[in-house]
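Listed here are the chains, written in short residue letters.
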Amino acid sequence: AKMTRKFFVGGNWKMNGDKKSLGELIQTLNDAKVDSNVEVVCGSPSIYLDFVRSKLNTKFGVAAQNCYKTAKGAFTGEISSPAMIKDCGVNWVILGHSERRHVFGESDELIGQKTAHALENGLGVIACIGEKLDEREGGITEKVVFAQTKVIADNVKDWSKVVLAYEPVWAIGTGKTASPQQAQEVHEKLRDWLKTNVSEAVANSVRIIYGGSVTGATCKELAAQKDVDGFLVGGASLKPEFVDIINAKA
């Protein structure tokens, strides 16, 4: 089944970069020799979505890092998927990232509503789930990620537009990476959950990608795991080594 799941590498630039540094990064990506069997999407700060989409080679996708759950209205500071994101030629959005959940207090319910809205408006969704350190140490990793996945699943009609990103919160930006075995174990359990609660077809086709301190050094062994279908890359996506991560399977 894995052969039919196209490897997916997302770069989450978070709140980093300006036109000069991002312009240089885009030039590096445009010039790089990248594996054509990999789908690559770069998550740009919203203020630069238009700039990035206009400069980045069309073989790369672009994602917003967040969006709201309605099309327009009196929501100061928010951005809309159908009107604004798609108007910039951008086809993806990252939703439910742990920083949105834990720094900005977004609930499972809100993330579910945003997911439904983005999908209804034709955006692809990179939906993030993951446990905190105390949850892993307390032995409730599965309980936590299954609950988060259920809220997303309840809001999805077409799974072909969804990539599920497993990001253990304790591994994000800490330099701690889940071991390939730890990642594979959770990915396999998530796939089993999808089989039981959604369908076998969805379980076999949906890409489950890993995020959390992925680097050029750690990516190859992670990519070799049978249920790891790609990566969501933070800090390293701003560096030339992002190209090595894209080519992890090559």
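Heads up: the structure comes first, above all this text.
Scoring rules and cut-offs
Residues numbered from 1 in each chain as written. Predicted model: local features only at pLDDT ≥ 70, side-chain atom pairs only at ≥ 80, totals over all residues. Heavy atoms only, no water. Helix = DSSP H or I, 4+ residues; strand = E, 2+ residues; numbered from the N terminus. Expected span 1.5 Å × (residues − 1). Buried < 20%, exposed > 50% of the residue type's maximum accessible area, 1.4 Å probe, protein only. Arc of directions from axis to C-beta. Contact = heavy atoms within 4.5 Å. Phe/Tyr/Trp six-rings, centres within 6.5 Å; stacked < 30°, edge-to-face > 60°. Lys NZ or Arg CZ within 6 Å of the ring centre and 35° of its normal. Pairing = 2+ DSSP bridges.

Visitor: What am I meant to see in helix α7 (residues 141-153) here?
Guide: Since the α-helix turns once every 3.6 residues, residues separated by three or four places project in the same direction. Over its 13 residues, α7 extends 18 Å from the first C-alpha to the last, a length consistent with the 18 Å expected when each residue adds 1.5 Å. All buried positions along α7 are accounted for by Thr141, Val144, Val145, Gln148, Thr149, Ile152 and Ala153. Relative to the axis of α7, the buried residues are bounded by an arc of 165° and lie together on one face. On its buried face, α7 sits against α4 (98-102), α5 (108-120), β5 (124-129), α6 (133-137), β6 (162-166) and α8 (180-197).

Visitor: Is there a simple way to explain the packing of aromatic side chains in this structure?
Guide: The geometry of an aromatic ring pair is captured by the separation of the ring centres together with the interplanar angle, meaning the angle of the planes. For the structure shown, the criterion picks out 6 aromatic pairs. With centroids separated by 4.7 Å and ring planes inclined at 45°, the aromatic side chains of Tyr68 and Phe75 adopt a geometry described as tilted. The partly exposed category is assigned to Phe75, whose relative accessible area is 35%. Positioned over the ring face of Phe104 is Arg100, at 4.1 Å from the centre of the ring.

Visitor: What is the right way to look at the environment of Phe60 in this model?
Guide: Mapped onto the secondary structure, Phe60 falls in the loop between α2 (49-55) and β3 (61-64). The spacing of Phe60 and Val41 is 19 residues in sequence and 5.7 Å in space, taken between C-alpha atoms. In this structure Phe60 touches Leu29, Asn30, Val34, Val40 and Arg53, once residues within four positions along its chain are discounted.

Visitor: Please clarify how the pairing of strand β4 (residues 92-95) should be interpreted in this entry.
Guide: Both faces of the sheet carry side chains from a regular strand, because those side chains alternate between them. Residues Trp92 and Ile94 point to one face of β4 and Val93 and Leu95 to the other, with burial holding for every one of them. By the bridge criterion, 2 bridges tie β3 to β4 in an arrangement that is parallel. Residue Ala63 lies in a different strand from β4, and its bridge partner there is Trp92. Two elements, β4 and β5, share 4 bridges in a ladder whose sense is parallel. Within β5, the position partnered with Trp92 by the bridge is Gly124.

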